[in-house]
Amino acid sequence: MRWSFVVVAAVGLLGLPSSGWSQQEKQGPPQQKVKADTKHKETDGDIDPAAIAALEKMGAFLRGQQTIAVRVETETDEVLDNGQKIQLNGTSLLSARRPDRLRAEVISDRKHRQFFYDGKTLTLYSPRLGYYATVPAPPRIRDLADVLSKRYGVELPLADLFYWGTNRSGVDRIRSAIDVGPSRIDGADTEQYAFRQPDLDWQIWIERGPKPLPRKLVLTTLKEPSQPQHVMKLTWDLKPEHTERSFIFVPPKGAKKIEFLEVSK
Amino acid sequence: MKWASIFGVLMLLAGNADARYVRNTTRTSINRDVDVNRNVNRNVNVDRNVNRNVSYHRDIDVDVDYHHYHPVARAAAVTATAAVTAAAIGSVVNSLPPSCTTVEQVGVTYQRCGSTWYQPRYVGTQVSYVVVTPP
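Given the structure is predicted, the values throughout are model-derived calculations rather than measurements.

So, how was this worked out
Residues numbered from 1 in each chain as written. Chains lettered and ligands numbered in written order. Predicted model: local features only at pLDDT ≥ 70, side-chain atom pairs only at ≥ 80, totals over all residues. Heavy atoms only, no water. Helix = DSSP H or I, 4+ residues; strand = E, 2+ residues; numbered from the N terminus. Buried < 20%, exposed > 50% of the residue type's maximum accessible area, 1.4 Å probe, protein only. Polar contact = N/O pair within 3.5 Å; in protein donor to acceptor, adjacent residues only side chain to side chain. Contact = heavy atoms within 4.5 Å. Phe/Tyr/Trp six-rings, centres within 6.5 Å; stacked < 30°, edge-to-face > 60°. Pairing = 2+ DSSP bridges. Expected span 1.5 Å × (residues − 1). Core = buried A, V, L, I, M, F, W, Y, C linked by side-chain atoms within 4.5 Å. Buried area = accessible area lost by both parts, 1.4 Å probe. Salt bridge = Lys/Arg side-chain N within 4 Å of Asp/Glu carboxyl O. Nonpolar A, V, L, I, M, F, W, Y, C, P; charged D, E, K, R; others polar.

## Comments concerning the side chain of serine 95 of chain A
Residues and elements named next belong to chain A.
Stage number 1. Its place among the elements puts serine 95 in strand β2 (residues 85–97).
Stage number 2. Since its relative accessible area comes to 19%, serine 95 is described here as buried.
Stage number 3. Polar contacts involving the side chain of serine 95 include one to the side chain of histidine 242, which spans 3.4 Å.
Stage number 4. Here serine 95 is in contact with Ile68, Ala69, Arg101, Leu102, Arg103, His242 and Phe247, once residues within four sequence places are set aside.

In structure tokens form, the structure reads like this:
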């Protein structure tokens, strides 16, 4: 008892990896891990360049894909006014062809929305309610999220996928970056990284090997005392069969056109 | 009579239960720090059933396409209040009172609920209803 206490204290003082880490070290890339561990304190401003490099490699890979289709299972903590956390589940589907075609679908128990973008207009459709709205859209996917958000208050699902690998990837906001270690996600070998930026902690699991795709993400909101999380698990198809029709909205019978209440001009 | 009034009070309480409102603060994007409250507050007054303006919330009760699996109490409370205060033109509600009729006139879709007319609009991805002058 006494000895184990001393050992634990010594380990703590020396900044040696705890047992969980040494276990992982046997499997993981040794040099990098030792380097991260000798840094010891994971305070703000502690950035592992390898973690940033992994992010950039993933971004470059994503950017290099002309067509993508991804299915995302989501879990979102919503905080009620009394502080209670409720977790809502959903599925998002996204298909895109660079530079100017995108289709997305967000399905939850409570809501179902479809997005159609063809480089000229964006249509938001609610299949259950039968309402759709069409607005002019910028000619590139990468500018779509901004316009939708600023003007219409609409958040494009999975917008991050189109920021990574660009000069707006947000890497400069990262205050801390660590390589957590290997992890298996849905049978895939991934490497887990954890980042801190103002108001947000986030983790990403990037597939190892020739296709460095994000396979899982966890976002932790720090502004909120109960620190709600948004979890995404991603399944990828890099050779989807998109036709021109996939991105065009054809109003189903009975669908009614409505307008947006613009949040700003 | 007595029971009815107690029931009415309970319904109002249920209707005003703020606990069902979500703060909408959970970040879902790394690169986009979106503050829906800030964005929408500037231009949209969401006039809720209790005669006070509240900031725009994504609401568990109303951020839905169907309302039938949610407490009826809330809708009933809305109606009760609406009977007292006429809905102001231009105000925005997140859900409609029961028994509305869809009316289409000159290509514009309305919801007629008693003497009040609404136009469905997207506020973000949510369908809300703006009180309009009867066409």
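## Focus on the packing of aromatic side chains
Stage number 1. Applying the stated criterion to the full structure yields 9 aromatic pairs over all chains.
Stage number 2. Ring centres 5.5 Å apart and planes at 35 degrees place the aromatic pair phenylalanine 260 of chain A and tyrosine 122 of chain B in the tilted group. Within this pair, whereas phenylalanine 260 of chain A is found in strand β13 (residues 259–260), its partner tyrosine 122 of chain B is found in strand β6 (residues 116–123), the two belonging to separate chains.
Stage number 3. Ring plane angle 80 degrees and centroid distance 5.7 Å describe the contact between tyrosine 110 of chain B and tryptophan 117 of chain B, whose orientation is recorded as edge-to-face. Just as tyrosine 110 of chain B is buried, tryptophan 117 of chain B falls in that class too.

## Let's talk about the pairing of β6 of chain B
Stage number 1. β6 of chain B sits mainly inside the fold: 8 of its 8 residues count as buried.
Stage number 2. Judged by which residues are buried, β6 of chain B turns out to be covered on both faces: Thr116, Tyr118, Pro120 and Tyr122 of chain B on one side and Trp117, Gln119, Arg121 and Val123 of chain B on the other are all buried.
Stage number 3. As paired elements, β13 of chain A and β6 of chain B share 2 bridges and run parallel to each other. If you follow glutamate 259 of chain A over to β6 of chain B, its bridge partner there is arginine 121 of chain B.
Stage number 4. The pairing of strand β5 (residues 108–113) of chain B with β6 of chain B spans 3 bridges and is antiparallel. Paired with glutamine 111 of chain B across the bridge in β6 of chain B is tyrosine 118 of chain B.
Stage number 5. Following β5 of chain B, the chain reverses through 2 residues before pairing antiparallel with β6 of chain B; glycine 114 of chain B in that reversal takes a positive phi of roughly 65 degrees.
Stage number 6. Pairing of β6 of chain B with strand β7 (residues 126–132) of chain B involves 7 bridges; the strand directions are antiparallel. Bridge pairing in β7 of chain B links glutamine 119 of chain B to valine 130 of chain B.

## Quick look at helix α4 (residues 49–63) of chain A
Because each turn of an α-helix spans 3.6 residues, side chains separated by three or four positions end up pointing in the same direction.
All names here are of chain A.
Stage number 1. Helix length check: α4 (15 residues) gives 21 Å between terminal C-alpha atoms against 21 Å at 1.5 Å per residue, within 8%.
Stage number 2. Taken together, the buried positions of α4 are occupied by Ala51, Ile52, Ala54, Leu55, Met58, Gly59, Phe61 and Leu62.
Stage number 3. In this structure, the buried side of α4 is in contact with β7 (176–185), β8 (188–197), β9 (200–207), β10 (214–221) and β11 (229–237).
Stage number 4. Measuring from the backbone nitrogen of alanine 50 back to the side-chain oxygen at the start of α4 gives 2.9 Å, which picks out aspartate 48 as the cap.

## Things to note about the nonpolar core
Stage number 1. In this structure, Phe195, Trp202 and Ile204 of chain A are the most contacted members of the largest nonpolar core, which totals 62 residues.
Stage number 2. Element by element, the count of residues in this core is highest for α4 of chain A, at 7 residues.
Stage number 3. Excluding residues within four positions of it along the chain, tryptophan 202 of chain A makes contact with Leu55, Trp164, Ile174, Tyr193, Ala194, Phe195, Gln197, Leu217, Val218 and Leu219 of chain A together with Ile30 of chain B.
Stage number 4. Grouped together as the second largest cluster of nonpolar side chains are 8 residues, Leu261 of chain A together with Val103, Trp117 and Val123 of chain B included.

## Comments concerning the interface of chain A and chain B
Stage number 1. Listed by partner, the interface residues are 61 residues for chain A and 46 residues for chain B.
Stage number 2. Note on chain A versus chain B: buried area summed over both sides is about 4400 Å², and carbon and sulfur give 51% of it.
Stage number 3. On the chain A side of the contact with chain B, Asp81, Arg110 and Leu261 of chain A bury the most area, a combined 17% of that side's loss.
Stage number 4. Taken together, the connections running from chain A to chain B amount to 1 salt bridge.
Stage number 5. A salt bridge links lysine 256 of chain A to glutamate 104 of chain B, with the shortest nitrogen-to-oxygen separation between them at 3.6 Å.
Stage number 6. Along the contact surface separating chain A from chain B lie 16 residue pairs in polar contact (both at pLDDT 80 or more).
Stage number 7. Of the residues assigned to the side of chain A that touches chain B, the class counts are 27 nonpolar, 14 polar and 20 charged.

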